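Chain and residue survey
Chain by chain, the residues:
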Amino acid sequence: MFDFLDGYDLLGAFWVTVQLTVYSALGSLIWGTLLAGMKVSPVPLMRGFATGYVNVVRNIPLTVIIVFSSLGLYSTLNISLGASEITDVNFRLAVLALSAYTAAFVCEALRSGINTVPVGQAEAARALGLSFTQVLRLIILPQAFRSVVNPLSNVLIALTKNTTVASAIGVMEASYLMKGMIENEAQLILISAVFAFGFIVLTLPTGLILGWVSKKVAVKR
Amino acid sequence: MSSVLYDAQGPRAKRRNILYTVLFVLVAAAVVWWVYDGLASKHQLDWIKWKPFFTSSQPWETFIWPGFQNTIKAAFFALIIALPLGALFGIGRLSEHRWMRAPSAVVVEFFRAIPVLILMVIANQAYSEYTELDPETRLLYAVITGLVLYNASVLAEIVRAGILTLPSGQTDAAKAIGMRKGQTMVFVLLPQAVTAMLPAIVSQIVVIVKDTALGGAVLSFPELLASVRPMAANYGANTIACFTIIAVIYIALNFSLTSFASWLERRLRRAKKSTGAVVGTGPGGAPETVGAPVVIMDSSAS
């Protein structure tokens, strides 16, 4: 029944999806945290920059950003991010685009987390003489991160699904393989079911595990 | 000004902020210079590459406007089909009968877990195998089908959250005056829930508009993003200029929708007549509004 799978590297394609997700998740977490830090900083210019970035990036389709990274950055400006082979170039550009896009949502989630920390916490920290960066790093962010596990897990699930857009620039992940398979094999329903199942396997545990973690680590107030 | 993070600033803090500002400006200037230099050395900033968009209406009439129309068409039909479907499944999930609740839950969770792109590709193939649609209509149908399946399930969650924000007294009162379950839903619960849901629905429109671009990139449905390639080919490899124009259109359209949603949310939260509960727009955006929308109960609204 499943012989149509012969000759296709199903696991390999899903492995690329997982790699895209993990690298982009790390990238967007770092960049998103920096953005959130800027957004709550006392420097008006940084606040303005972070707000502008989030508003612009949130309102552009991810597809436009990813296609731009290939047609604009690579083909026009020859930016290849240090890779020489075209598959590597596409993969790295996709990670860059996904990180830049997802960071806006990470930033929003973190900022809402910072707002849940009671003012008294920061006031107490300042009374001890901690500086802004110390307050942010030692007192606010640890509490904020614990309260945003749930929103962040939603962002992560969305990112997992968004990696499919990378197929638009030829990254050979799951949806790229699926597109090829349903053109060549007359097994539309079975193929669809296999890939649907694959994505459910990737996203469902993420939601369940992180949901459990978020209950576990939430600061009880 | 003070916030959770800092107080009104003293002289030292002010000096430090100025230092940070200067450093930030320096870094930003370096980045801008690097980008400018990169663009200029590839002749992407030459006036000839940008001229077509500002001096003639030809690119707008030939490429951008038809693409924009297709984007809006797909988004509009997806929305008006997904809304009632979403309402149906949202209410289904709240039913007292397991035989209604369980299938609704399965359908909603299933279509939320699958990427829209995959839904579109499957729909496209299914239409080409099992129907006689001509290719142009088929692409439009495929894009709309993909968008509807995903967004109806997200809207179902919004509807469910909206109805759950209502105080149980509303149902009790409706029962007390002898309304049937259907009547309670149609005349009492839904009208109130719609107000609470409006901001979330408006921000879902942004998600739908953004996702239409998938149709252009993956199925070559001739929407706004798809007009970049022919345009860049036609006006002398002005890829950067074309992308800039397209991005600005998307941003203008979606930013007005996002702003409208947050204005609506603030307004509803202030409104005296409502319960003050609003289904928040969440950290949503793109194919990423997953998970139940955040229900924000604001007790300070009175």
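Parameters at a glance
- Residues numbered from 1 in each chain as written.
- Chains lettered and ligands numbered in written order.
- Predicted model: local features only at pLDDT ≥ 70, side-chain atom pairs only at ≥ 80, totals over all residues.
- Heavy atoms only, no water.
- Helix = DSSP H or I, 4+ residues; strand = E, 2+ residues; numbered from the N terminus.
- Buried < 20%, exposed > 50% of the residue type's maximum accessible area, 1.4 Å probe, protein only.
- Contact = heavy atoms within 4.5 Å.
- pLDDT = per-residue confidence, 0-100.
- Salt bridge = Lys/Arg side-chain N within 4 Å of Asp/Glu carboxyl O.
- Phe/Tyr/Trp six-rings, centres within 6.5 Å; stacked < 30°, edge-to-face > 60°.
- Expected span 1.5 Å × (residues − 1).
- Bend = angle between axes of the 7 residues up to and from the residue.
- Buried area = accessible area lost by both parts, 1.4 Å probe.
- Polar contact = N/O pair within 3.5 Å; in protein donor to acceptor, adjacent residues only side chain to side chain.

**A look at the overall build of chain B**
Broken down by element type, chain B carries ten helices and two strands. Put simply, chain B runs from its N terminus to its C terminus through helices and strands in the order α-α-α-α-α-α-α-α-α-α-β-β. By residue count, 47% of the 302 residues in chain B fall in the buried class. Here the contacts in chain B between residues at least 6 apart in sequence split such that 70% fall between residues at least 24 apart.

**Remarks on the side chain of B:Asn254**
Structurally, the position occupied by B:Asn254 is in helix H10 (residues 239-270). Judged by relative accessible area, which is 0%, B:Asn254 ranks as buried.

**Description of the environment of B:Ile249**
Residue and element names in this part refer to chain B. Mapped onto the fold, Ile 249 is located in helix H10. A relative accessible area of 18% means that Ile 249 is categorised as buried. A C-alpha to C-alpha distance of 33 Å links Ile 249 and Arg 160, two positions 89 residues apart in sequence. Contact partners of Ile 249, with chain neighbours within four places excluded, come to Trp 60, Ile 64, Phe 68 and Leu 224.

**Brief notes about the confidence of the model for chain B**
All names here are of chain B. Per-residue confidence for chain B gives a mean pLDDT of 85; residues scoring 70 or more make up 89%. At the level of individual helices and strands, chain B shows its lowest average pLDDT in strand S2 (residues 295-297), which scores 43, and its highest in helix H6 (residues 135-164), which scores 93. In the predicted structure, residues 283-302 sits below a pLDDT of 50 and forms 66 contacts with residues beyond four places in sequence or in another chain. Scored as a complex, the prediction yields pTM 0.88 and ipTM 0.88.

**What about the side chain of A:Gln143?**
Turning to its location among the elements, A:Gln143 is positioned in helix H6 (residues 132-147). Residues contacting A:Gln143, with those up to four places away along its chain left out, are A:Val117, A:Gln121, A:Val219 and A:Arg221.

**Considering the pattern of salt bridges**
All told, the structure shown has eight salt bridges over all chains when counted by the stated rule. With a shortest N-O distance of 3.2 Å, A:Lys39 and A:Glu108 are connected by a salt bridge. Placement of the pair is A:Lys39 in helix H1 (residues 10-39) and A:Glu108 in helix H4 (residues 86-116), with a sequence separation of 69 residues. The class of A:Lys39 is buried, set by a relative accessible area of 14%. Across the pair B:Glu157 and B:Arg160 runs a salt bridge, and its minimum N-O distance is 3.2 Å. Remark: B:Arg160 and B:Glu157 occur in helix H6; sequence separation between them is three residues, near one turn of the helix. For B:Arg160, a relative accessible area of 22% gives the class partly exposed.

**So, the packing of aromatic side chains**
For the coordinates displayed, the defined rule picks out 17 aromatic pairs over all chains. Each ring, one from A:Trp31 and one from A:Tyr53, has its centre 5.5 Å from the other, and the planes form 85 degrees; the classification is edge-to-face. Note that A:Trp31 is positioned in helix H1 and A:Tyr53 in helix H2 (residues 44-59), a separation of 22 residues in sequence. The interplanar angle of 40 degrees and the centroid separation of 6.3 Å between the aromatic rings of A:Phe49 and A:Tyr53 together place this pair among those described as tilted. Here the residue A:Phe49 and the residue A:Tyr53 both occupy positions in helix H2, the gap between them amounting to four residues, near one helical turn. You can call A:Phe49 partly exposed: its relative accessible area is 35%. Looking at A:Tyr53, the relative accessible area reads 16%, which means it is buried. Here the aromatic cluster, defined as three or more aromatic residues joined through ring pairs, consists of A:Trp31, A:Phe49, A:Tyr53 and B:Phe24.

**Observations concerning H4(A)**
For an α-helix, the turn length of 3.6 residues means that residues three or four places apart are oriented alike. In a regular helix each residue adds 1.5 Å, so 31 residues correspond to 45 Å; H4(A) covers 45 Å between its end C-alpha atoms and thus fits that length. Within H4(A), the axis deviates most sharply at A:Thr102, by approximately 25 degrees.

**Remarks on the interface of chain B and chain A**
With 54 residues of chain B at the interface, the matching set in chain A holds 58 residues. Buried surface at the junction of chain B and chain A, summed over both partners, amounts to about 5,000 Å²; 73% is from carbon and sulfur atoms. Connecting chain B to chain A are zero salt bridges. Between chain B and chain A we count eight residue pairs in polar contact (both at pLDDT 80 or more) in total.

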